[in-house]
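What the coordinates show
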Amino acid sequence: MKKVLLFIVIGLLSFTSFGQIDVKGSVMDSDGAPIPGANVYFKNSTSGGTTDFDGNFSFTTSLTGTQILQVSYLGYNTVERSVNLDGQPINLTIVLQEGGNVLDEVVLTATTTFRSQKESPLSITSIGAKDLTKLNANSQADIVASIPGVVADGGGGEGATNIFVRGLPSGGQNDFSPIQFDGLTLAGYGLSSTAGDVYAKVDQGVKGVEFVRGGSSILYGAGSTAGIINYISKTGDTNDENIINIEVADVGRVKTEFYSGGQLGSADSNTFYAFSGWVRKDDGPLDFGLPSKGYQFRANIKKKFDRGSFTVYTQFLDDKSQFLLGLPLDGSSRERISGNDGKTVYQLNSSHLANTSFLTPAGEYRSPIEEGIWTRGFYAMSVFDYDLGDDWKIKTKVKVSDYINDFALYVAANGKANTPVTLSDYLDIQGFPGATNVNASYVGGTALGANDRIIDNLHVDRNRPITDYTGEFNITKKIVGDVVEHNINLGTYLAFSEGEDNNYQFRTLSAFNNEPQLVNLSFTDAGGNDVIFAQNGLTNRIGVTSNNFLSQERTAFYLTDEMILDRWRIDAGVRIEKQIARRENGGISSAQVYEDPNLTSALQNVNFATGSFTRAEVSATGFAGSLAALYKVNDNLNAYANMSKGYFFPLTRSINVIRNNETAGNYDVENIYQYEAGVKYGQSKFSGTFAGYYTTLTDRVAIQRLNYGGAIGTVDGIKTVQDTKTVGVEASWDWRFIDNFSFNGNFTYQDHELKSDERTVLQSGTVDGIVLVEGTVTNGVNVGKQLRRQPKVLSTLRLDYDNSALDAFVSANVRGSQFNDDANAVELDGFTVIRIGGGYTIPFEDSKNLRLGFSVFNLTDSQGLSEGDPRAFAQAAAGDFFVGRPILPRRLFFNATFTF
């Protein structure tokens, strides 16, 4: 196959010729100030470029005759200029007037031609650098939550955002919408469940983000079944630009971001640089004594040629951020409750667990719990694009990444006593109702108070190093016929990823307080035996629970054609991909390490890796296809439709290895079908979109890890195979109703249900009081129910004011009610998150300026629940307590941005 591809490429190159016209000029606003980043391209063609920091543009074209040059920039009216291409160089000056619409912005993701969002037969949402700075985002959720049809949960803090797209029943994180930087994912997409946002960190070097949904987005790059989130980096140009952004917030946040970009060497060097990053320390968003802290550096160097460019990108990251899970709430109101000290309990993570260590048969284990989600490593990527002439172009991307990710997952309220109870009730629950000589005290402190409540917790240390090698090559050819212009793209995508999936666990006993103290507990049982039940706050030194090695190889080929004819744009394409995945399961055993006979067996014995492995290799082939069309009704209105068939390879981590070369069940792709039709309207004062969609998923395989024996992730509990469907409508708008004021937002309504639901018990045991027997199969019990963690109603409403000096906004993210489980037994109420912000820009000479701004997240301090207890087999809907994860509380940010 590789020889055939090489032969095709060589054959294609043999037909190239060279005849180009130079087109250059400048773009400025009505005051004569240059506009950097404006899109300049000839309509209905692939010829164009963007302006540099001086507002200048320069590119070559093989077009001839009279052509329409279109110049657009977000927030300005689009200008069209008739240009006669007669072989002579062209030099133009373009002036843009404020008041444009977002649909005029050119999209860069999942396309091979220059075209605006209005001209693309896909659903696209973009957010620019200016708005990203104003947002003061807590997490990836804050960035993508305002996108139509997207549910984004950020209640866990900065990392591991759960992203759900158009009703697809993801288990969380971003299975169906890979996060990319400059067109490639950063680390091991599809290997394990580590969220992509732990590697993708935004800074001032980001020009913007595009979220392309459905249609041809399934064909390019890493492939996608729902959409692509692509962050686009700034690259330097002829004028130096520097940005310093200092951000502070309550709960101890201090963050400094920076960007510097410009030209290297002499004026004719054609070599440019961009350098950006941040350094930060943060005690929040909830302070429990373990701060988030770290740094990031990103850089790129770009060398421009007459016909192309070569760019090298890199990132160095060392960042620690704290993660939050659910906790017991009031059973009626489902709001946070008071702890032993009378203060509201916001979370149960504890700094008292820092430096926790215990002996294992392999030596001492020290938990990195105080590091939170600790990600360190780098990626390096090179991009080469070249215009071969005669409308032939090539583009290659090669990337290597190497990261280590330690994920401290503190599962509060997990165990036999997963709600706060008194010491007497705790002993009853643990099976020691007749205990005497009870000694309960805080570790290193005083005796437990008579009315103090205590609670069981579980800590999981996930260690997941990942190395990833990725390459993509494509060659494009424009063919201009009498009626149709074809833009053909032949591409290949190759990736190899390998990593580890190592887990350590231990159980703790703590007081029910915010940042709780650990509890020691000893007593004499009913048989007269002295028992040490909790030592140094630990009730179970579990030890190793997984020791797995994973790898996968992916090879894909795709062919697309973007056609232009009169008022029509038609996209068609296919992709075929094969994945080979390997999983090596390390054997685990238990041995007695601690000799004190008064210790419980849970404290005496510790799991360890035996060094033995069972290995299996599986493979699957996926086929994707897309067809889309857009019709230009008039200058302001376009109608479009698209349909696509995509696929998703089950995570390599989910392969259930029974013995060497044998797995449980087949390893098959999960197929997703998407259909969408809508309209796009855009003019100077109002732009908007309206679309209906239908999405189905078949053969969705998921492994549910339940709370077996009080430990999570140790064994696979239930395997589900599901089919789903979602029918929805979504609308978005931007209305500039008077000068400097705009009202924008979106609304989504979706109806979704399980079409089939087969469940197989993989491990016998008692889970949350329910007896499960291995091999039991239930089929159809939840058919017709709504999909879990998927609301029917989503909306974002925002009012903006901006007169270049003063800016302000108020926004509301509205989420309807949702069910926490497939059985629809537990419903979570809807909620609204209100955000406000504003700033004042002080201009200085030579285009320097300083913006002083603020924003408030969750203005009304809503306590809406993003989820209940997803690992419970059958969570109770009512009672004295309800375990859930509320959204983050109110937080105030201030920032100063100096551009010079």
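Residues numbered from 1 in each chain as written. Predicted model: local features only at pLDDT ≥ 70, side-chain atom pairs only at ≥ 80, totals over all residues. Heavy atoms only, no water.

Brief notes about the nonpolar core
In this structure, Ile143, Val144, Ile229 and Tyr231 are the most contacted members of the largest nonpolar core, which totals 55 residues. Of all hydrophobic cores here, the second largest spans 20 residues; its members include Val107, Leu219, Val618 and Tyr667. (Core = buried A, V, L, I, M, F, W, Y, C linked by side-chain atoms within 4.5 Å. Buried < 20%, exposed > 50% of the residue type's maximum accessible area, 1.4 Å probe, protein only.)

Observations regarding the pattern of salt bridges
Evaluation of the coordinates by the stated rule reveals 50 salt bridges. Residue Asp203 pairs with Arg298 through a salt bridge whose shortest N-O separation is 3.2 Å. Of this pair, Asp203 sits in the loop between strand S14 (184–185) and strand S15 (206–213) while Arg298 sits in strand S20 (residues 292–304), and the two are 95 residues apart along the sequence. Among the residues examined, Asp203 registers a relative accessible area of 3% and is labelled buried. A residue is classified by how much of its surface remains accessible, and Arg298, at 5% relative accessible area, is buried. Between Asp751 and Lys792 there is a salt bridge, with the nearest N and O atoms lying 3.1 Å from each other. Of this pair, Asp751 sits in strand S41 (residues 741–761) while Lys792 sits in the loop between strand S44 (777–779) and strand S45 (793–802); the two residues are 41 residues apart in sequence, bridging distant segments of the chain. Salt bridges linked by common partners bring Glu158, Lys201, Glu247, Asp250, Arg253, Arg280, Asp282, Asp319 and Arg891 together as one network. (Salt bridge = Lys/Arg side-chain N within 4 Å of Asp/Glu carboxyl O. Helix = DSSP H or I, 4+ residues; strand = E, 2+ residues; numbered from the N terminus.)

Looking at the side chain of Lys118
Tracing the chain through its elements places Lys118 in the loop between strand S9 (115–116) and strand S10 (123–128). Judged by its relative accessible area of 10%, Lys118 falls in the buried class. There is a polar contact of 3.3 Å between the side chain of Lys118 and the backbone oxygen of Gly682. Not counting the four nearest positions on each side in its chain, Lys118 is found in contact with Leu103, Asp104, Leu630, Asp635, Asn636, Asn638, Lys680 and Gly682. (Polar contact = N/O pair within 3.5 Å; in protein donor to acceptor, adjacent residues only side chain to side chain. Contact = heavy atoms within 4.5 Å.)

Side note on the sheet that holds strand S31 (residues 530–534)
Spatially, S27-S30-S31 is the arrangement adopted by the three strands of the open sheet, whose pairing is antiparallel. Strand pairing shows two members of the sheet lacking a second neighbour, strand S27 (436–442) and S31, which therefore form its edges. Adjacent strand axes in the sheet meet at a mean angle of 15° when their direction is disregarded. Where strand S30 (residues 519–524) meets S31, four bridges bridge the pair, whose relative direction is antiparallel. Counterpart to Thr524 in the pairing with S31 is Asp530. (Pairing = 2+ DSSP bridges. Axes fitted to C-alpha atoms, helices over the stretch in contact; angles between N-to-C directions.)

So, unusual backbone geometry
Cis geometry marks the peptide bond from Gly284 to Pro285, where omega comes out at 10°. Tracing the sequence through the fold places Pro285 in the loop between strand S19 (271–282) and S20. Positive phi, close to 50°, is recorded for Asn437, a residue that is not glycine. With respect to the helices, strands and loops of the structure, Asn437 is situated in strand S27. By relative accessible area, which is 62% here, Asn437 ends up exposed. With phi around 50°, Glu515 is a residue other than glycine that occupies positive phi space. Tracing the sequence through the fold places Glu515 in the loop between strand S29 (485–511) and S30.

Quick notes on the environment of Leu799
On the secondary structure map, Leu799 appears in strand S45. On the basis of relative accessibility, which here comes to 33%, the residue Leu799 falls in the partly exposed class. Once the C-alpha coordinates of Leu799 and Phe741 are considered, the two residues, 58 residues apart in sequence, prove to be 7.5 Å apart. Beyond its immediate stretch of four places on either side in the chain, Leu799 contacts Phe737, Ser742, Phe743, Ala808, Phe809 and Val810.

Looking at the packing of aromatic side chains
Evaluation of the coordinates by the stated rule reveals 32 aromatic pairs. Ring centres of Trp733 and Phe743 lie 5.8 Å apart, and the angle between their planes is 50°; on these two criteria the pair is classed as tilted. One end of the pair, Trp733, is in strand S40 (residues 718–738); the other, Phe743, is in strand S41, and 10 residues separate them in sequence. Put simply, the rings of Phe258, Phe275, Tyr295 and Phe297 pair up and form one aromatic cluster. Over the face of the ring belonging to Trp374 we find Arg376, whose NZ or CZ atom lies 3.7 Å from the ring centre. Across from the ring centre of Tyr594, 3.8 Å away, lies the NZ or CZ of Arg541, which sits over that ring. (Phe/Tyr/Trp six-rings, centres within 6.5 Å; stacked < 30°, edge-to-face > 60°. Lys NZ or Arg CZ within 6 Å of the ring centre and 35° of its normal.)

Concerning the environment of Asp391
You can see Asp391 is positioned in the loop between strand S25 (373–389) and strand S26 (392–412). In the structure, Asp391 is positioned 329 residues away from Ser62 in sequence and 7.0 Å away in space, judged by C-alpha atoms. Other than its neighbours up to four places away in sequence, Asp391 contacts Ser62, Thr476, Lys477 and Lys478. Here Ser62 takes part through its side chain, which lies 2.5 Å from a polar atom of the side chain of Asp391.

Digging into the confidence of the model for the chain
Mean pLDDT over the chain stands at 88; residues scoring 70 or higher make up 94%. Under a pLDDT of 50 for its full length, residues 1–18 has, in the predicted model, 23 contacts with residues more than four places off or in other chains. Ignoring residues within four places in sequence, the model shows residues 710–714, a span with pLDDT below 50, making 21 contacts including any to other chains. (pLDDT = per-residue confidence, 0-100.)

A closer look at the environment of Gly277
On the secondary structure map, Gly277 appears in strand S19. Accessibility expressed as a relative area gives 0% for Gly277, which makes it buried. Residues Gly277 and Gly25 lie 252 residues apart in sequence; the distance between their C-alpha atoms is 32 Å. Among all residues touching Gly277, those that are not within four sequence positions of it are Asp203, Thr256, Glu257, Phe258, Gln296 and Phe297.

A few points about a nonpolar patch on the surface
Nonpolar side chains collect at one region of the surface, where Ile244, Ile246, Val248, Val254, Phe854, Leu892, Phe894 and Phe900 lie side by side and expose about 610 Å² of accessible area between them. Those elements that provide at least two residues to the nonpolar patch are strand S17 (241–249) and strand S53 (891–899). Of all the elements, S17 adds the most residues to the nonpolar patch, at three residues. Along the polypeptide, Phe900 turns up in the segment after S53. When its relative accessible area of 37% is taken as the criterion, Phe900 is described as partly exposed. (Patch = residues over 30% accessible without salt bridge, like charges linked within 9 Å, V, L, I, M, F, W, Y side chains within 5 Å. Areas by Shrake-Rupley, 256 points an atom, 1.4 Å probe, with all protein chains shown as cover.)

Remarks on the pairing of S15
Counting buried positions over the eight residues of S15 gives seven, a clear majority of the element. Note that S10 and S15 share six bridges and pair antiparallel. Across the sheet, the residue bridging to Thr125 is Phe211, located in S15. In terms of strand pairing, S15 meets strand S16 (residues 227–233) through seven bridges, oriented antiparallel. Counterpart to Val206 in the pairing with S16 is Ser233.

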